[in-house]
Amino acid sequence: MQLWGGRFAKSADQLLRQFNDSISFDQRMWREDIDGSIAWAQGLANANVLTQVEADTLVDGLRQVAAEWEQENFTIAAGDEDIHTANERRLTELVGSVGGKLHTGRSRNDQVATDFRLWAKRAISAVIEQVTEVQSAIISSAERHHDTPLPGYTHMQHAQPVTWGHWIMSHFWPLERDRRRLQAAFDSADELPLGSAALAGTAFPIDRDFLATQLGFSRISQNSLDAVSNRDFVADALYACAMVGVHLSRLSEQLIIFSSQEFGFVRVDDAYSTGSSLMPQKKNPDTLELTRGKSGRLIGLLVGLMVTLKGLPSTYDKDLQEDKEGVFNAVDTLAIVLPVMAAVVETLQINADKMAGQLEAGLLATDLADYLVKKGLPFREAHHVVGAVVQAAEDRNIEITDLALADLQQISDLFSDDVTAAFSVAGSLAARNVVGGTAPAAVLQQIEAARRCMTE
Ligand code: ARG
């Protein structure tokens, strides 16, 4: 059944159909299309456009159509251009000509916008749940190793000691921001366009607030021309997904480096690694590499949609049919990437000895400067003095901690025997007991704060 044949002398060319049809992918919104139509049928009855008996017949028929989808025995017919056409065609087969009354005062333009928003709200909620799983895995790793030291890096150069708990939690907060971005995308989608009809608004006295309540939207759109072409919620969802991709990519990159032979700080569980067809000894972190790689796709999907949207006049244009596959793909991508990442983090083995083995004394240079500051030296001068200490150690090819007190005192008379306390990794970590700092006690507080955020 074609919805628009009346004014055409010829039927559509096979190629046109192939090009024009969206049923292959938008059938994914069958449930939302049924939900929207059930609300619309009742809205028409409330407005006395349909009798209650007619509306009930339509609703019963729509439920039968839904059952067919549910039981996977809905048969798509040749003329079913999209999910809206398919459901209405099947409804009319089931209930007879009253089926033709369902589309009164409605257009596929406000119908598709409504269906897609309903779908997006459900899909975004699912992604939020999946992000939460990764966050939980990070928290448990952080808790297990809240006081395990490793070198902290800037510019990928040894900087200061940090704790594993602190390091892994640095990947929790970006995901927490992602959850907020996803929530913002959900709020963006949470607006009812139904009642906008093709572009000018429906000519029947439909109570749009009733429709919004029926369908669980928190507000209704205020301009019908905008409402049928507003796809900001899709861009918002894709942006949030792309940022999740970027954050998981950074975590992956760092774990790939940490799992290399040179570092050996972590070991990715065998269940999430693959081997080489040629080199028997190889164990490759493919899951992390794929995660890093898929961030490219997620970013591309956002850019693709924005380019599609940027030249469109207001109201519906068929370009808008290009809005769905990208976000379907993004959501499907994250539906595998996020659970895999949660599992990789959950099963990640931490090699504390390897990390400790990299904690050379140079990482404590800042602590040595802080020691001098506590003796009254301005920090800039202390920085300079410690620079001289580092150089003296380098000249003799030893660590700064191996210099004798007398050597240190030659550089500054502020050094005394209590200096050895400044040369301790545990002391360095414990000193950074500020909110957001790397001290084990601060990390435990951070974990509590993270838990509170997640239950908010
Ligand atoms: N399949 C279309 C889409 O996904 C539905 C809306 C079609 N509206 C129209 N006037 N051709 O955007």
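Note: the structure precedes this text.
Not measured: the values here are computed from a predicted model.

Asker: Quick question: what am I supposed to make of the pairing of strand 1 (residues 149-154) here?
Answerer: Two faces belong to every sheet, and in a regular strand the side chains alternate between them. With five bridges joining them, strand 1 and strand 2 (residues 157-163) adopt antiparallel strand pairing. Looking at the pairing, Leu-150 lines up with Val-162 of strand 2. Counted along the chain from strand 1 to the antiparallel partner strand 2, the turn is two residues long, and its residue His-155 has a positive phi close to 55 degrees.

Asker: Before we go on, may I ask you to explain the site of the ligand in this structure?
Answerer: Neighbouring the ligand are the residues Ser-22, Asp-26, Asp-82, His-84, Arg-108, Asn-109, Val-112, Tyr-316, Gln-321 and Lys-324. Within the contact set of the ligand, a nitrogen atom lies 3.0 Å away from a side-chain nitrogen or oxygen of Asn-109. Starting from 340 Å² of accessible surface for the ligand in isolation, the protein chains cover 86%. Counting residues per element, the shell around the ligand draws most heavily on helix 6 (residues 108-144), at three residues. In terms of residue class, the shell around the ligand is built from two nonpolar, four polar and four charged.

Asker: Help me understand the environment of Asn-351 in this model?
Answerer: On the secondary structure map, Asn-351 appears in the loop between strand 6 (349-350) and helix 14 (352-357). Taking C-alpha positions, Asn-351 is 5.6 Å from Val-266, a pair spaced 85 residues apart along the chain.

Asker: Help me understand the pattern of salt bridges, please; the structure alone is not making it clear to me.
Answerer: Between side chains of opposite charge, pairing is possible as soon as their charged atoms come close. Following the criterion strictly, the structure yields 29 salt bridges and no others. Ionic pairing is found between Asp-35 and Arg-122, a salt bridge with its closest N-O pair at 2.9 Å. Of this pair, Asp-35 sits in helix 3 (residues 30-46) while Arg-122 sits in helix 6, and the two are 87 residues apart along the sequence. Under the relative-accessibility criterion, Arg-122 is labelled partly exposed at 40%. Put simply, Arg-90 and Glu-68 hold a salt bridge, and the shortest N to O gap is 2.8 Å. Note that Arg-90 is positioned in helix 5 (residues 83-95) and Glu-68 in helix 4 (residues 52-70), a separation of 22 residues in sequence. Through salt bridges with shared partners, one network takes in Glu-68, Asp-80, Arg-89, Arg-90 and Glu-93.

Asker: What is the right way to look at a nonpolar patch on the surface in this model?
Answerer: A cluster of nonpolar residues, Ile-299, Val-303 and Val-307, forms a patch on the protein surface that exposes about 240 Å² of accessible area. Mapped onto the secondary structure, Ile-299 falls in helix 12 (residues 286-310). Since its relative accessible area comes to 37%, Ile-299 is described here as partly exposed.

Reading the values: the criteria
Residues numbered from 1 in each chain as written. Predicted model: local features only at pLDDT ≥ 70, side-chain atom pairs only at ≥ 80, totals over all residues. Heavy atoms only, no water. Pairing = 2+ DSSP bridges. Helix = DSSP H or I, 4+ residues; strand = E, 2+ residues; numbered from the N terminus. Near = heavy atom within 4 Å. Polar contact = N/O pair within 3.5 Å; in protein donor to acceptor, adjacent residues only side chain to side chain. Areas by Shrake-Rupley, 256 points an atom, 1.4 Å probe, with all protein chains shown as cover. Nonpolar A, V, L, I, M, F, W, Y, C, P; charged D, E, K, R; others polar. Salt bridge = Lys/Arg side-chain N within 4 Å of Asp/Glu carboxyl O. Buried < 20%, exposed > 50% of the residue type's maximum accessible area, 1.4 Å probe, protein only. Patch = residues over 30% accessible without salt bridge, like charges linked within 9 Å, V, L, I, M, F, W, Y side chains within 5 Å.

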